[in-house]
Amino acid sequence: MMIHGEQIFFKSETLPTFTERGFQPILKTFCSALDELELQPLDTIEGKSIRLLRDGVERPFFTAVFKPYRTEKCEKLTICNCILMDRILTSAVIAIPSDDYDLPMLVLEWSETESVISVVVDYVPLVDLVMHDDYRIHYLDPLDHYWTKYKELPGMAPNRFAWSRMMFSPYYLSGHVPKQDEKNITACLQLMQDYLALWLDLCTKAEPIPDDTRKQYVRARKARIRKIFRENDEGAKSLLQMVGKEIIDVLLLCSF
Amino acid sequence: MSTVKFEMNLALPVLEDFQPLQLPEACWKILQNCDLEPLEEFEGINIAENREKVKEKMEEMDSSMVMHYFQSEKIEKLCLGWTVIMKSIVVTMFSGWPRNDYDFPASPMDLVESEKHVYIGADLIPLTDIVINDWYREKYLDGFEPLYKQYLDLSDPTPNPMNWFRALSSPYVISGRPDVGQNRGTVKRAAECFTAYIRYWMKEIVAKAEPMKDPAHKKYVNRKKAKIRDEFRRKDPGGPPLVMSLGKELAWETVKLIF
């Protein structure tokens, strides 16, 4: 990864950082962690071309790039960076494991204005945690240290939406963190970095699901989770009027 | 099952440090006309004998505990009662569990009140995988959303520190330690919230429940209920103080009755 001017050259792709507008180098944080992965760019998802967002789109009040990749253990790992109305930077990494693996889905979302950084971070479990406490112990409890460290950040609060709370893990964090204090900004960047690094480590160690029954269950649950995200994603809903259905359909395909 | 009308004395004693809310009585007012029958035995534990042993032990510790257990056509066990610890902390407990033919959410809750602090834990815990079965959430839980939002400020901004608790919670859990507030106003709101959960559970959830028909669903629900119960029995933070007061064996017996 190289930073050149205000752009990042990442896996032979050029991504705008928007740091020149006073936003935090969140994209650099994400890309640094992903730099070592073998990423294969995707051009189509579910039979549909996603070039509209892959190559970057510019509309009045909306500039965005969505880069979905395939990795050895993920059917899709997407990094995105958008700027809305020149005022809001949104950046995210979302990773969905392939059907052979049951590791949790990674969701890291960053939304920044002049005064606030809104964050959502989670490892969305692909099983019912009450019935599979071994899953929680293996994939989620390693987050405890980070969750404990960041849960007291100012502005942290339960997520507003029941549809997301029902899917999220015991280690999700969300909130609107004020930027007045430099310490808060650093902590938000570090939070993203820590959740991403640990997930990548779990991904490296993940073994294929050994039995077909569990595989089928995980696949069904993963499909439900993606459907719920696609139907309810608040960012997509609020952008629909501004950018139109064509872009939103591709955005949701790239993300979930 | 016949309907038995009976009087219930759940009045809390007068305390020196503060005047606790008569929350157990308020809860009973919601339940008293709900066709409940006293439960006499559960998992081989004789409830009258347990009550006597607990009373004796609690008195030795300058504490007291009054627990009542009920059942109904759909409810396997409903527990309502209170504990006064060292004459300074009042714990109101409620827990409701469906019979094995029903899949409605379980509702173990408590409200802890002292002179300076209040804690509320209230939830409607799903007995199925609500990510897969969205009908369950729609049928039993989503109607609660307006009440949840009304009382969400009672929840801590930071989630409950117990990971096992967060793992089994519904999207509508309230868990928090708010300040008692001016004139103990927040304690009163917490008590209102507590009774709102009970009222909703009884009047909207239990009332709507029908016996399960799908054997696979039934098997899952009963396994999950057993797991949830086991988590509360082994990990609820009320356990260790109970062991100190009652000794290990009697505490375990009592925890099995509560959850």
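Residues numbered from 1 in each chain as written. Chains lettered and ligands numbered in written order. Predicted model: local features only at pLDDT ≥ 70, side-chain atom pairs only at ≥ 80, totals over all residues. Heavy atoms only, no water.

Describing the overall build of chain B
When helices and strands are tallied, chain B shows nine helices and nine strands. For 259 residues, the compact-globule estimate of 2.2 N^0.38 gives 18 Å, and the C-alpha radius of gyration of chain B, at 18 Å, lies within 12% of that figure. Relative to its 259 residues, chain B shows a buried fraction of 57%. Here the contacts in chain B between residues at least 6 apart in sequence split such that 66% fall between residues at least 24 apart. Accessible surface computed for chain B: about 11700 Å², of which carbon and sulfur atoms make up 51%. Computed over 35 positive and 40 negative side-chain charges, the inter-centroid distance for chain B is 3 Å. (Helix = DSSP H or I, 4+ residues; strand = E, 2+ residues; numbered from the N terminus. Rg over C-alpha atoms; globule rule 2.2 N^0.38 Å. Buried < 20%, exposed > 50% of the residue type's maximum accessible area, 1.4 Å probe, protein only. Contact = heavy atoms within 4.5 Å. Areas by Shrake-Rupley, 256 points an atom, 1.4 Å probe, with all protein chains shown as cover. Lys, Arg positive; Asp, Glu negative; His and termini not counted. Charge placed at Lys NZ, Arg CZ, Asp CG, Glu CD.)

Comments concerning the overall build of chain A
Assigned secondary structure in chain A consists of nine helices and 13 strands. Whereas a compact globule of 256 residues would reach a radius of gyration of roughly 18 Å, chain A reaches 17 Å, a difference of no more than 12%. Projected onto its principal axes, the C-alpha positions of chain A cover 50 × 45 × 35 Å. Burial status across chain A gives 56% buried among its 256 residues. Contacts in chain A between residues at least 24 apart in sequence constitute 61% of all its contacts with a sequence separation of at least 6. Carbon and sulfur atoms provide 51% of the accessible area of chain A, an area that totals close to 11200 Å².

Some words on the packing of helix α1 (residues 26-34) of chain A against helix α6 (residues 182-205) of chain A
Residues and elements named next belong to chain A. In contact at an axis separation of 10 Å, α1 and α6 are set at 20° when each is read in the N-to-C sense. With respect to their mutual orientation, α1 and α6 come out roughly parallel. Two packed elements cross with a definite hand, and for α1 against α6 that hand is right-handed. Counting all contacts with α1, which are made through Ile26, Thr29, Phe30, Ala33 and Leu34, the residues of α6 involved are Leu189, Met192, Gln193, Leu196 and Leu200. Of the residues that constitute the contact of α1 with α6, the class distribution is eight nonpolar, two polar and no charged. (Axes fitted to C-alpha atoms, helices over the stretch in contact; angles between N-to-C directions. Parallel < 35°, antiparallel > 145°, perpendicular 65-115°, else oblique. Left-handed = near helix turned anticlockwise from the far one by under 90°. Nonpolar A, V, L, I, M, F, W, Y, C, P; charged D, E, K, R; others polar.)

Some words on the sheet that holds strand β4 (residues 64-71) of chain B
Residue and element names in this part refer to chain B. In space, the seven strands of this open sheet follow the order β1-β4-β5-β6-β7-β8-β9, with antiparallel pairing throughout. Every interior strand has two partners, whereas the edge strands, β1 (37-38) and β9 (174-176), have only one. Pairing geometry for β1 and β4, over two bridges, is antiparallel. Within the sheet, the bridge partner assigned to glutamate 37 lies in β4 and is glutamine 71. Those strands touched by helix α6 (residues 185-206) are β5 (75-85), β6 (89-98), β7 (109-113), β8 (118-122) and β9, and its axis lies near 165° from that of β7. (Pairing = 2+ DSSP bridges.)

Some remarks on the pairing of β5(B)
Residue and element names in this part refer to chain B. Most of β5 is tucked away, with ten of its eleven residues classed as buried. Relative to β5, β4 is paired through seven bridges, and the arrangement is antiparallel. By the bridge assignment for β5, tyrosine 69 is matched with cysteine 79. Between β4 and β5, which pair antiparallel one after the other, the connecting turn spans three residues. Of the strand pairs in this sheet, β5 and β6 are connected by ten bridges, and their pairing is antiparallel. Paired with isoleucine 85 across the two strands is isoleucine 89, which belongs to β6. In this antiparallel pair of consecutive strands, β5 and β6, the connection spans three residues, and methionine 86 shows a positive phi of 50°.

A closer look at helix α9 (residues 245-255) of chain A
Within α9(A), eight of the eleven residues are buried, leaving the element largely enclosed by the surrounding structure. Turning to α9(A), its buried residues number three or more, namely A:Ile247, A:Ile248, A:Val250, A:Leu251, A:Leu252, A:Leu253, A:Cys254 and A:Ser255.

A closer look at the packing of aromatic side chains
Counted under the stated rule, the structure contains 22 aromatic pairs over all chains. Consider the rings of B:Phe144 and B:Tyr197, whose centres lie 4.3 Å apart with planes at 55°: the pair is tilted. Of the two residues, B:Phe144 is situated in the loop between α3 (134-141) and α4 (145-151) and B:Tyr197 in helix α6; the sequence distance between them amounts to 53 residues. One exposure class covers both B:Phe144 and B:Tyr197, and it is buried. An aromatic cluster is defined as three or more aromatic residues linked by ring pairs; in this entry it consists of A:Phe161, A:Trp163, A:Phe168, A:Tyr172, A:Phe229 and A:Phe256. Over the ring of A:Trp147 we find B:Arg166; its NZ or CZ atom is 3.6 Å from the centre of that ring. Taking NZ or CZ as reference, B:Arg229 lies 4.7 Å from the ring centre of B:Trp97, over its face. (Phe/Tyr/Trp six-rings, centres within 6.5 Å; stacked < 30°, edge-to-face > 60°. Lys NZ or Arg CZ within 6 Å of the ring centre and 35° of its normal.)

Some details on the environment of A:Asn232
Residues and elements named next belong to chain A. Tracing the backbone through its elements, the reader meets asparagine 232 in helix α7 (residues 212-232). With 68 residues separating them along the chain, asparagine 232 and serine 164 place their C-alpha atoms 8.7 Å apart. Looking at asparagine 232, its side chain comes within polar contact range of the main-chain oxygen of isoleucine 228, at 2.8 Å. (Polar contact = N/O pair within 3.5 Å; in protein donor to acceptor, adjacent residues only side chain to side chain.)

A closer look at unusual backbone geometry
With a phi angle near 65°, A:Phe18 is a residue other than glycine that sits in the positive phi range. As for its position among the elements, A:Phe18 is in the loop between β3 (13-16) and α1. Although it is not a glycine, B:Met86 sits at a positive phi angle of roughly 50°. Secondary-structure assignment places B:Met86 in the loop between β5 and β6.

Some words on the layout of surface pockets
Empty space within the largest pocket amounts to approximately 1100 Å³. Around the largest pocket sit 43 residues that line it, and A:Glu109, A:Ser111, A:Val120, A:Glu234 and A:Gly235 are the ones nearest its centre. Residue assignment for the lining of the largest pocket shows that the elements contributing at least two residues are β9 (74-84), β10 (88-97), β11 (105-112), β12 (116-124), α5 (162-165), β13 (173-178), α8 (234-243) and α9 of chain A. For the lining of the largest pocket, the element with the highest residue contribution is α8(A), accounting for six residues. Roughly 790 Å³ of volume is contained in the second largest pocket. Lining the second largest pocket are 39 residues, and of these B:Val91, B:Asp110, B:Asp236, B:Pro237 and B:Gly238 sit closest to its centre. Within the residue set of the lining of the second largest pocket, elements represented by two or more residues are β5, β6, β7, β8, α5 (163-168), α7 (215-235), α8 (239-246) and α9 (248-258) of chain B. By residue class, the composition of the lining of the second largest pocket is 26 nonpolar, eight polar and five charged. (1 Å grid on protein atoms, 1.4 Å probe; cavity = no way out; pocket = protein on both sides within 12 Å on 5 of 7 lines; lining within 4 Å. Points joined across faces, edges and corners; volume = space filled by probe spheres on them.)

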